Amino acid sequence: MDVQGIIDILAKQTRIYEKLFQLAKEKTEAIKVNDIDALNRITEQEQVHVAELQRLESERAGQMEKAAGGNGSLTLSELLQKADEKDLLQKTAEELSGVLKKLKEVNELNQELLYQSLQFIHFSLSLVRPGEPASGYGPEGQHKASGRRQSKPLLNTKV
């Protein structure tokens with residue numbers, strides 16, 4: 001079974017995921033230095049690559065259905081068993097898998113960095129604005145918010 005078209009698509013996907021991996025590393029640095037403009041630029045570039053990946057994925061799915069010969073769609077493992085160029089297909093699939101693994105790790109790091117940034121922002125905001133009154137009931141059965149004074153902010157923002 002000739003799978004050269006599928007191999008070409010997988011190779012193109014690998015190259016795009018490598019570009020996304022590079023962008024993700026740039027995004028990590030932008031998050032660290034709080035460079036919002038760079039984050040916006042990187043996000044726009046990522047969207048272009050993701051659109052291309054979606055197009056390639058639909059093309060790959062069509063090739064997989066064609067390779068199945070009208071019997072549904074094949075998985076990559078099933079295709080490897082039937083393919084003429086098993087070694088090249090396996091090598092290409094492993095390269096794609098490796099890039100995806102690295103991209104996932106960097107994206108998880110970026111997600112954690114963004115979460116920590118948000119936590120810091122929430123903490124900073126809580127220092128300069130009044131806290132929310134506690135809700136619920138106290139030991140006497142009275143509503144906590146009614147018997148408690150609202151905390152004052154660290155900075156008085158009223159003029």
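All of the points below concern the structure found in this document.

On to the nonpolar core. Counting residues in each nonpolar core, the largest one holds 16 residues, and the members touching the most others are Leu 20, Ala 30 and Leu 103. Elements supplying a minimum of two residues to this core: α1 (4–33), α2 (36–68) and α4 (86–128). Considering each element in turn, this core owes the most residues, eight residues, to α1. In this structure Ala 30 touches Asp 35, Ala 38, Leu 39 and Ile 42, once residues within four positions along its chain are discounted. Grouped together as the second largest cluster of nonpolar side chains are 13 residues, Val 3, Ile 6, Leu 80 and Ala 83 included.

Let us now look at unusual backbone geometry. Here Asn 34, not a glycine, exhibits a phi torsion of approximately 60 degrees, which is positive. Checked against the element boundaries, Asn 34 lands in the loop between α1 and α2.

Another point: α1. The end-to-end C-alpha distance of α1 is 44 Å, a good match for the 44 Å that 30 residues give at a rise of 1.5 Å each. Once α1 ends, the next one or two residues include Asn 34, with phi positive near 60 degrees.

Taken as a whole, the largest pocket spans an internal volume of roughly 210 Å³. Elements with a minimum of two residues in the lining of the largest pocket: α1, α2 and α4. A per-element tally of the lining of the largest pocket places α4 first, with five residues. Its residues assigned to classes, the lining of the largest pocket shows eight nonpolar, two polar and no charged.

Once that is clear, we can look at the pattern of salt bridges. Per the counting criterion, the structure on display carries seven salt bridges. Between Glu 29 and Lys 32 there is a salt bridge, with the nearest N and O atoms lying 3.5 Å from each other. Taken as a pair, Glu 29 and Lys 32 lie in helix α1 at a separation of three residues, close to a single helical turn. Look at Lys 32 and you get exposed, because its relative accessible area is 53%.

Taken as a whole, this structure holds zero aromatic pairs when the rule is applied. Above the plane of the ring of Phe 21 lies Lys 102, whose end atom (NZ or CZ) is 4.8 Å from the centre.

Moving on: the packing of α1 against α4. Contact pair α1 / α4: the axes reach a minimum separation of 9 Å and the direction vectors enclose 20 degrees. As the angle between them shows, α1 and α4 are arranged roughly parallel. In terms of crossing hand, the pair formed by α1 and α4 is left-handed.

Time to look at α4. Between the first and last C-alpha of α4 there are 63 Å, a value that for 43 residues agrees with the 63 Å anticipated at 1.5 Å per step. Looking at the buried side of α4, the elements it contacts are α1 and α3 (76–82).

Below, the discussion takes up the side chain of His 49. For His 49, the location among the structural elements is in helix α2. The contact partners of His 49, leaving out residues within four places of it in the chain, are Ile 16, Lys 19, Leu 20 and Leu 23.

Rules used in this analysis
Residues numbered from 1 in each chain as written. Predicted model: local features only at pLDDT ≥ 70, side-chain atom pairs only at ≥ 80, totals over all residues. Heavy atoms only, no water. Core = buried A, V, L, I, M, F, W, Y, C linked by side-chain atoms within 4.5 Å. Buried < 20%, exposed > 50% of the residue type's maximum accessible area, 1.4 Å probe, protein only. Helix = DSSP H or I, 4+ residues; strand = E, 2+ residues; numbered from the N terminus. Contact = heavy atoms within 4.5 Å. Expected span 1.5 Å × (residues − 1). 1 Å grid on protein atoms, 1.4 Å probe; cavity = no way out; pocket = protein on both sides within 12 Å on 5 of 7 lines; lining within 4 Å. Points joined across faces, edges and corners; volume = space filled by probe spheres on them. Nonpolar A, V, L, I, M, F, W, Y, C, P; charged D, E, K, R; others polar. Salt bridge = Lys/Arg side-chain N within 4 Å of Asp/Glu carboxyl O. Phe/Tyr/Trp six-rings, centres within 6.5 Å; stacked < 30°, edge-to-face > 60°. Lys NZ or Arg CZ within 6 Å of the ring centre and 35° of its normal. Axes fitted to C-alpha atoms, helices over the stretch in contact; angles between N-to-C directions. Parallel < 35°, antiparallel > 145°, perpendicular 65-115°, else oblique. Left-handed = near helix turned anticlockwise from the far one by under 90°.

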